Amino acid sequence: MKTNRVLSVLFFLLFVCKLTAQKDSLSLENTGIKDSISKEKDYKPYNALAPAKAAFYSAILPGLGQAYNGRYWKIPIAYAGLGVGVYFYINNDKEWNRYRDAYKDRLAGREDEFGDRISTEALVRAQEFYRRNKEISLLVIAGVYVLNIIDANVDAHLQQFNVSEDLSLKPNMQYDNFTGKSKYGISLNFKF
């Protein structure tokens, strides 16, 4: 029984001594080297949900993901792309309805707005042309919408990518004196 008490006191003292030991001489505080990651003013922790959040915002309202990322200049580009697609869709729909109504009037035996200037085959071709352009306009609208979402997602990913001034990539050309040929390459330089 006494040996158990002696051993427990001994382990307790060893544990306490380990806790009150001196600091490590190789730690950053004792060497004078500053910890550049934790001391930087503009250091932001990695937010894994930021790209998904930006993409979700752009899916809800085009341009909202760009505003979330702070890229306000991209919002007018997104709306201009969507606006152009909507404009051409409306214009092609109006022309398609015009030629379709003229074709229906001609088949019913009534006078249409084109009279004898356009043949019936030309009315059919015009309907097909404007229908195809309407579909292309819908594809443009959908494409700009999807590109808006992808742009917000990629931009949020790239904002979290640390680009340092110490890293440089330079093209390089060396002349080999023995063979008389040039050697081309790329050098990657990292400054400490």
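Let us look at the nonpolar core. If you look at the biggest cluster of nonpolar residues, it comprises seven residues: Trp-96, Tyr-99, Ala-102, Phe-114, Leu-123, Ala-126 and Tyr-130. At the level of elements, helix 6 (75-108) and helix 7 (120-159) are the ones that each hand at least two residues to this core. If we ignore the near neighbours within four places in the chain, the residues touching Tyr-99 are Phe-114, Ile-118, Leu-123, Ala-126, Gln-127 and Tyr-130.

A separate point is the pattern of salt bridges. For the structure on display, the rule yields ten salt bridges. A salt bridge links Lys-74 to Asp-151, with the shortest nitrogen-to-oxygen separation between them at 3.1 Å. Here Asp-151 lies in helix 7 and Lys-74 lies in the loop between helix 5 (64-69) and helix 6, a separation of 77 residues in the sequence. By relative accessible area, which is 17% here, Lys-74 ends up buried. Where Glu-95 meets Arg-98, a salt bridge forms, and the shortest distance between an N and an O atom there is 3.1 Å. Here the residue Glu-95 and the residue Arg-98 both occupy positions in helix 6, the gap between them amounting to three residues, near one helical turn. Judged by its relative accessible area of 31%, Arg-98 falls in the partly exposed class. It is possible to trace a salt-bridge network through shared partners that takes in Arg-71, Lys-74, Asp-151 and Asp-155.

Parameters at a glance
Residues numbered from 1 in each chain as written. Predicted model: local features only at pLDDT ≥ 70, side-chain atom pairs only at ≥ 80, totals over all residues. Heavy atoms only, no water. Core = buried A, V, L, I, M, F, W, Y, C linked by side-chain atoms within 4.5 Å. Buried < 20%, exposed > 50% of the residue type's maximum accessible area, 1.4 Å probe, protein only. Helix = DSSP H or I, 4+ residues; strand = E, 2+ residues; numbered from the N terminus. Contact = heavy atoms within 4.5 Å. Salt bridge = Lys/Arg side-chain N within 4 Å of Asp/Glu carboxyl O.

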